[in-house]
Amino acid sequence: MEAAPPLASSRSGFFSSSYSSASFSPSSIPFILHRDFHITSPKFKSRTLPIRCSAARDNVVTLLDYGAGNVRSVRNAIRFLGFDIKDVQTPEDILNANRLIFPGVGAFAAAMDVLNKKGMAEALCSYIENDRQFLGICLGLQLLFESSEENGPVRGLGLIPGVVGRFDSSNGFRVPHIGWNALHTVKDSEILDDIGNRHVYFVHSYRAMPSNDNKEWVSSTCNYGDNFIASVRRGNVHAVQFHPEKSGDVGLSILRRFLYPKSSTTKKPKEGRASKLAKRVIACLDVRTNDKGDLVVTKGDQYDVRENTGENEVRNLGKPVELAGQYYRDGADEVSFLNITGFRDFPLGDLPMLEVLRYTSENVFVPLTVGGGIRDFTDANGRYYSSLEVASEYFRSGADKISIGSDAVYNAEEYIRTGAKTGKTSLEQISRVYGNQAVVVSIDPRRVYINDPNDVEFKAVRVTNPGPNGEEYAWYQCTVNGGREGRPIGAYELAKAVEELGAGEILLNCIDCDGQGKGFDIDLIKLISEAVSIPVIASSGAGAVEHFSEVFKKTNASAALAAGMFHRKEVPIQSVKEHLLETGIEVRM
């Protein structure tokens with residue numbers, strides 16, 4: 001492999017020459033907005049730090065984990081491919097690395113603040129400028145650019161010309177960009193050689209754009225409204241905007257190419273038909289303890305998870321880790337866990353669910369979402385835990401996204417009442433540190449039929465199927481506590497409010513359709529998916545492959561989720577996808 005030409009340094013003198021080795025957690029990361037930064041500020045020539053690499057540890061990957069987001073999946077993928085991991089503790093660990101992976105997760109400003117405070121930013125730049133073997137992932141790509149508009153402008157590492165900006169949602173494209181999209185290779189990248197025109201997984205709200213100034217870096221682009229930079233390569237330095245550790249076998253092939261750069265493959269990669277953002281098919285696992293104390297996957301009938309028998313036992317449809325692994329092998333685009341008895345007494349003590357996440361992420365390389373009990377909490381001893389701390393524990397255990405239910409309803413009600421953001425709600429706290437793409441709001445509405453839409457203060461729609469007394473309209477009342485308590489807020493009003501507060505995606509359930517197998521509530525999904533600019537996941541009611549094509553053709557849903565029909569093996573995931581392809585809907589195969 002030829003060495004790349006020397007990098008032109010465009011960094012400004014903002015690095016700290018000292019660092020603190022004190023431990024830190026995501027909940028303690030300060031969120032600093034660098035409002036005084038100007039892109040036109042003078043540049044300077046940085047110090048050259050000595051690079052010392054050792055050939056003695058060929059099977060070791062040095063991992064730069066700055067403490068935010070789900071890095072467990074990257075760890076698992078590296079180990080799955082036969083490598084050990086050394087964590088960066090000091091700037092010297094970066095300089096001494098043989099191969100360095102930087103899986104950036106979360107918000108740009110929080111990441112740069114940690115890198116600067118710990119003295120790692122300058123070491124990272126020196127490492128890359130010396131053309132050492134490097135792979136940046138997602139935010140690990142964005143930080144290489146001069147600056148970001150995310151809560152900024154905020155200065156980046158300045159290695160690649162360009163500004164990271166937010167996707168434009170005014171053209172009808174939903175932000176965040178979440179899902180499986182196609183790559184367009186523009187030059188040899190080596191690590192992308194085995195993709196074979198298949199989808200990879202993206203989840204981000206900000207992107208860098210190709211230009212004449214950075215074109216020598218760009219190795220592939222992706223189209224989402226505009227062509228943005230999907231990957232860069234210069235010599236031994238690689239970075240990707242997508243998540244290879246969450247892109248299934250395709251992603252593992254990319255990591256394998258990076259870790260074994262001199263290897264050749266004799267097996268021709270399976271050719272795909274990826275051309276644009278695919279609709280997602282998600283498998284959902286409702287997890288709770290049964291009466292014997294075992295953690296099981298269950299499924300409700302309008303949220304009732306008990307069998308209609310004399311024993312009235314919890315419906316048991318399998319073991320969570322085994323089922324998640326099976327759905328991954330069957331082609332699920334994501335796996336969602338809903339911990340329906342989660343954190344009743346003590347949020348951070350729910351160890352069985354955390355273990356489910358840890359074991360699942362060892363062999364499931366698609367996105368994992370988990371919900372249940374993510375809220376502020378004070379234990380019996382008076383110890384206060386923020387929702388950010390609870391979410392952080394989920395992220396550390398393997399979750400890529402967290403789903404908030406009841407707490408989001410309370411947050412939205414208060415926001416609508418006061419018209420003010422406090423910065424203290426669970427939605428605001430978590431999205432501020434991890435980015436809104438990591439925050440899903442699960443809405444559990446119930447249909448309320450009315451004769452006249454003016455009879456209520458909430459948004460009502462004309463329903464396709466009239467109510468029991470011939471009512472032609474309905475509004476959708478939100479519920480909390482697993483559908484047991486109705487709240488004075490509609491699904492439309494809730495969706496609009498949580499988008500403002502920082503939600504990046506909506507999981508839209510319907511109590512009336514749950515477990516019925518008669519199809520999704522098209523009226524509801526159309527209402528909400530047209531009201532917000534963030535992705536909407538259709539849920540509740542799937543019982544046949546036609547229900548999936550119907551919801552994608554009649555609404556703006558970005559994904560559709562099912563549980564019971566998959567658990568009971570009534571319809572395989574692959575059959576759903578084959579049907580969607582036959583009807584002209586792009587999916588990942």
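These numbers come from a predicted model, not from an experiment.

S.K.: Go over the nonpolar core, please, and point to the residues and values.
M.R.: In terms of nonpolar packing, the biggest core is built from 125 residues, with Phe337, Ile402, Ile430, Ile506, Phe548 and Phe566 touching the most fellow members. Ignoring anything within four residues of it in the chain, the contact list for phenylalanine 548 reads Val281, Phe520, Ala542, Ala560, Ala562, Met565, Phe566, Val576 and Leu580. Grouped together as the second largest cluster of nonpolar side chains are 40 residues, Leu100, Leu115, Phe145 and Ile160 included.

S.K.: Account for the pattern of salt bridges, with residues named and values stated.
M.R.: A full pass over the atoms with the stated rule returns 27 salt bridges. Between lysine 246 and aspartate 400 there is a salt bridge, with the nearest N and O atoms lying 2.8 Å from each other. With a gap of 154 residues between them, lysine 246 in the loop between β14 (237–240) and α6 (248–259) and aspartate 400 in the loop between α9 (387–397) and β21 (401–404) connect regions that are remote in the sequence. According to the relative accessible area criterion, lysine 246 is buried, its value standing at 1%. Residue arginine 358 pairs with glutamate 393 through a salt bridge whose shortest N-O separation is 3.5 Å. With arginine 358 in helix α8 (residues 351–360) and glutamate 393 in helix α9, the pair connects residues that are 35 residues apart, well separated along the chain. Taken individually, arginine 358 and glutamate 393 each receive the classification buried, so the pair is uniform in this respect. Each of Arg280, Glu334, Lys401 and Glu505 takes part in salt bridges that share partners, so that together they form one network.

S.K.: Account for the sheet that holds β14, with residues named and values stated.
M.R.: Strands sit in the order β2-β1-β3-β4-β14-β13-β12-β9 across an open sheet of eight strands; the sheet is mixed. Bordering the open sheet on either side are β2 (84–87) and β9 (184–185), each of which pairs with just one other strand. Pairing analysis gives six bridges linking strand β3 (residues 99–104) to strand β4 (residues 133–138), with the strands arranged parallel. If you follow arginine 99 over to β4, its bridge partner there is glutamine 133. The strands touched by α6 within the sheet are β1 (60–63), β3, β4 and β14, with β4 carrying the most contacts at an inclination of about 160°.

S.K.: Tell me about the environment of leucine 144, residues and numbers included.
M.R.: Within the element layout of this structure, leucine 144 appears in the loop between α5 (139–142) and β5 (145–148). Residue classification places leucine 144 among the buried positions, given a relative accessible area of 2%. Sequence spacing of leucine 144 and leucine 124 is 20 residues, and the spatial spacing of their C-alpha atoms is 9.7 Å. If near-sequence neighbours (up to four positions away) are discounted, leucine 144 is found in contact with Ile128, Phe134, Leu157, Gly158, Leu159, Ile160 and Ala239.

S.K.: Which residues make up the pairing of β3, and what are the values?
M.R.: Summarising burial for β3: six of the six residues are buried, a large majority. What you see with β3 is no split at all: Arg99, Ile101 and Pro103 on one side and Leu100, Phe102 and Gly104 on the other are buried throughout. Summarising the sheet, β1 and β3 pair through two bridges and their orientation is parallel. Residue threonine 62 lies in a different strand from β3, and its bridge partner there is leucine 100.

S.K.: Provide a residue-level description of the packing of aromatic side chains, including the pertinent values.
M.R.: Under the defined criterion, the tally for this structure stands at 14 aromatic pairs. Ring centres of phenylalanine 80 and phenylalanine 365 lie 5.3 Å apart, and the angle between their planes is 65°; this geometry places the pair in the edge-to-face category. Separated by 285 residues along the polypeptide, phenylalanine 80 in helix α1 (residues 72–80) and phenylalanine 365 in the loop between α8 and β18 (368–371) bring together distant segments of the chain. Phenylalanine 80 sits in the partly exposed class, given a relative accessible area of 46%. Ring centres of phenylalanine 395 and tyrosine 434 lie 4.3 Å apart, and the angle between their planes is 40°; on these two criteria the pair is classed as tilted. Taken together, the positions of phenylalanine 395 in helix α9 and tyrosine 434 in helix α11 (residues 426–434) put the pair 39 residues apart, joining distant regions of the chain. For the pair phenylalanine 395 and tyrosine 434, a shared accessibility class is recorded, and that class is buried. Sitting over the ring of tryptophan 180, arginine 588 keeps its end group 4.0 Å from the ring centre.

Rules and cut-offs
Residues numbered from 1 in each chain as written. Predicted model: local features only at pLDDT ≥ 70, side-chain atom pairs only at ≥ 80, totals over all residues. Heavy atoms only, no water. Core = buried A, V, L, I, M, F, W, Y, C linked by side-chain atoms within 4.5 Å. Buried < 20%, exposed > 50% of the residue type's maximum accessible area, 1.4 Å probe, protein only. Contact = heavy atoms within 4.5 Å. Salt bridge = Lys/Arg side-chain N within 4 Å of Asp/Glu carboxyl O. Helix = DSSP H or I, 4+ residues; strand = E, 2+ residues; numbered from the N terminus. Pairing = 2+ DSSP bridges. Axes fitted to C-alpha atoms, helices over the stretch in contact; angles between N-to-C directions. Phe/Tyr/Trp six-rings, centres within 6.5 Å; stacked < 30°, edge-to-face > 60°. Lys NZ or Arg CZ within 6 Å of the ring centre and 35° of its normal.

Everything listed is a geometric property; what it means functionally is a separate question.
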